[in-house]
Amino acid sequence: MDESLIVIEEPSDAGIRIDKFLASAIPDKSRSHYQKAIDNGLVLVNGKTVKSKYQTRLGDEIVISIEPVKEIDILPEDIPIDILYEDNDVIVVNKPKGMVVHPAPGHYSGTLVNALMFHCKDSLSGINGEIRPGIVHRIDMNTTGSLLVCKNDKAHNDIAAQIKVHSVNRIYKGIVIGNFKEEEGTVDAPIGRNPKDRKKMAVVPNGREAVTHFTVLEQFKGYSYVQFKLETGRTHQIRVHMAHIGHPLLGDDVYGKPVKNLEGQTLHAQTLGFKQPTTGEYVEVNAPLPSYFEELLNKYRKMTNN
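The rules behind these values
Residues numbered from 1 in each chain as written. Predicted model: local features only at pLDDT ≥ 70, side-chain atom pairs only at ≥ 80, totals over all residues. Heavy atoms only, no water. Helix = DSSP H or I, 4+ residues; strand = E, 2+ residues; numbered from the N terminus. Rg over C-alpha atoms; globule rule 2.2 N^0.38 Å. Buried < 20%, exposed > 50% of the residue type's maximum accessible area, 1.4 Å probe, protein only. Lys, Arg positive; Asp, Glu negative; His and termini not counted. Charge placed at Lys NZ, Arg CZ, Asp CG, Glu CD. Phe/Tyr/Trp six-rings, centres within 6.5 Å; stacked < 30°, edge-to-face > 60°. Pairing = 2+ DSSP bridges. Salt bridge = Lys/Arg side-chain N within 4 Å of Asp/Glu carboxyl O. Expected span 1.5 Å × (residues − 1). Arc of directions from axis to C-beta. Contact = heavy atoms within 4.5 Å. Polar contact = N/O pair within 3.5 Å; in protein donor to acceptor, adjacent residues only side chain to side chain.

J.: How should I be thinking about the overall build of the protein in this particular structure?
T.: In terms of regular secondary structure, the protein is built from six helices and 15 strands. Expected size for 306 residues packed as a compact globule is a radius of gyration near 19 Å; at 22 Å, the protein falls within 12% of this value. Along the three orthogonal principal directions, the C-alpha set of the protein runs to about 75 × 45 × 35 Å. Going through the 306 residues of the protein one by one, you find that 44% of them count as buried. Of the side chains in the protein, 37 bear a positive and 39 a negative charge, and the two mean positions are spaced by 8 Å.

This is the structure we're talking about:
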């Protein structure tokens, strides 16, 4: 483990959140990277651990422990992908259940990125680095449906800007536990790391703004078929919000309960609408419900009608 020392000597560098300061002082890593390093005790200020909200002071000695960079070969793999839309700037794929979006520890092959590298060759944006080429947003491993990938940096910046101002139309379908009294509603509750389990997200007072609109499509005995429209795009947003209001997604083994013979949450990213980066024309893509999802709906309809 290598160490890097920074001393706060300039008044302009004082009074800044330490995660924000580090992202500015050593910009080859993101702010979220430094937040994780701080949480893991890899950043010391005057010999002591601090929290991300700590504000720098003149004379502070900041020691950052840095893991040596590991060379990772991310290789193209001839994995079939279901392409819903493609042009010279972007490609929208229908991600299957169980597929990891991009390589990470323990998943360096068999990911969507490996498949995209084979299909697109060298035509993927490089803004998110060699491990996440083309990836401008993500959906969870066990969530199915529409995922937008960028083929060049111009398109990546354009789509990222659309996501930032919430102009990308994202509609999901899911099956949740329990029934609703209302036909529609909105969950407006901030999401951040769960203070009791850093691997999970939760509704927390100091979290980031998160807004999910929902419409109940059908109700069965003990289950509901629900449409979700995202206003923001926080990690695990729909899963956290539904669990928060007492309706966890069916099969969610993190925020609800696992279900036998069902791999993870029953959630599908159906509709994805965006402005084409070059022409500015609105493009809307719809991913059909996967067969397992349709089978569950038919099963619960029969149970309800009998």
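Right, picking up where we left off after that structure.
J.: Help me understand the packing of aromatic side chains in this model?
T.: Geometrically, a pair of aromatic rings is defined through the distance of the ring centres and the angle of the planes. Tallied over the entire structure, the rule returns six aromatic pairs. Taking 6.3 Å as the distance between ring centres and 75° as the angle between the ring planes, the aromatic pair formed by Tyr85 and Phe274 counts as edge-to-face. Separated by 189 residues along the polypeptide, Tyr85 in strand β5 (residues 82-86) and Phe274 in strand β14 (residues 267-275) bring together distant segments of the chain. Judged by relative accessible area, Phe274 falls into the buried class, the value being 0%. A centroid spacing of 5.3 Å and a plane angle of 40° characterise the contact between Phe180 and Phe214, whose relative ring orientation is tilted. Placement of the pair is Phe180 in the loop between β8 (169-177) and β9 (184-188) and Phe214 in strand β12 (residues 211-219), with a sequence separation of 34 residues.

J.: I'm lost on the pairing of β12 in this one. Help?
T.: As a general feature of sheets, a regular strand has side chains that alternate between the two faces. Here β9 pairs with β12 via five bridges, running antiparallel. Among the inter-strand pairings, Val187 is bridged to a residue of β12, identified as Thr212. Summarising the sheet, β12 and strand β13 (residues 223-230) pair through seven bridges and their orientation is antiparallel. When the bridges of β13 are listed, Glu218 appears paired with Tyr225. The antiparallel hairpin formed by β12 and β13 contains three residues in its connecting segment, where Gly222 sits at a positive phi of about 90°.

J.: What exactly am I supposed to notice about unusual backbone geometry here?
T.: Not every positive phi belongs to a glycine, and Lys121 is a case in point at roughly 60°. In this structure Lys121 comes out as exposed when scored by relative accessible area, which is 55%.

J.: Got a minute to help me understand the pattern of salt bridges in this structure?
T.: Two side chains that carry opposite charge are able to pair once their charged atoms sit near each other. Applying the stated criterion to the full structure yields six salt bridges. Note that Asp19 and Arg31 form a salt bridge whose closest N and O atoms lie 3.3 Å from each other. Of this pair, Asp19 sits in helix α1 (residues 18-25) while Arg31 sits in helix α2 (residues 31-39); the two residues are 12 residues apart in sequence, bridging distant segments of the chain. Judged by relative accessible area, Arg31 falls into the partly exposed class, the value being 35%. One salt bridge in this structure joins Arg239 and Asp140, with 2.9 Å as the shortest N-O distance. Note that Arg239 is positioned in helix α5 (residues 237-244) and Asp140 in the loop between α3 (112-120) and β7 (144-150), a separation of 99 residues in sequence.

J.: Would you take a moment to explain helix α4 (residues 153-164) for this structure?
T.: Along its 12 residues, α4 runs 16 Å from first to last C-alpha, staying within 8% of the 16 Å computed at 1.5 Å per residue. For α4, the complete set of buried residues consists of Ala155, His156, Ile159, Gln162 and Ile163. The arc that holds the buried residues of α4, viewed along the axis, is 130°, so those residues lie on one side. For α4, the exposed residues set more than 90 degrees away from the buried face come down to Lys154 and Lys164. Where α4 is buried, its residues touch β6 (90-95), β7 and β14. Measuring from the backbone nitrogen of Lys154 back to the side-chain oxygen at the start of α4 gives 3.3 Å, which picks out Asn152 as the cap. Directly after α4, the chain includes His166, whose backbone phi takes a positive value near 65°.

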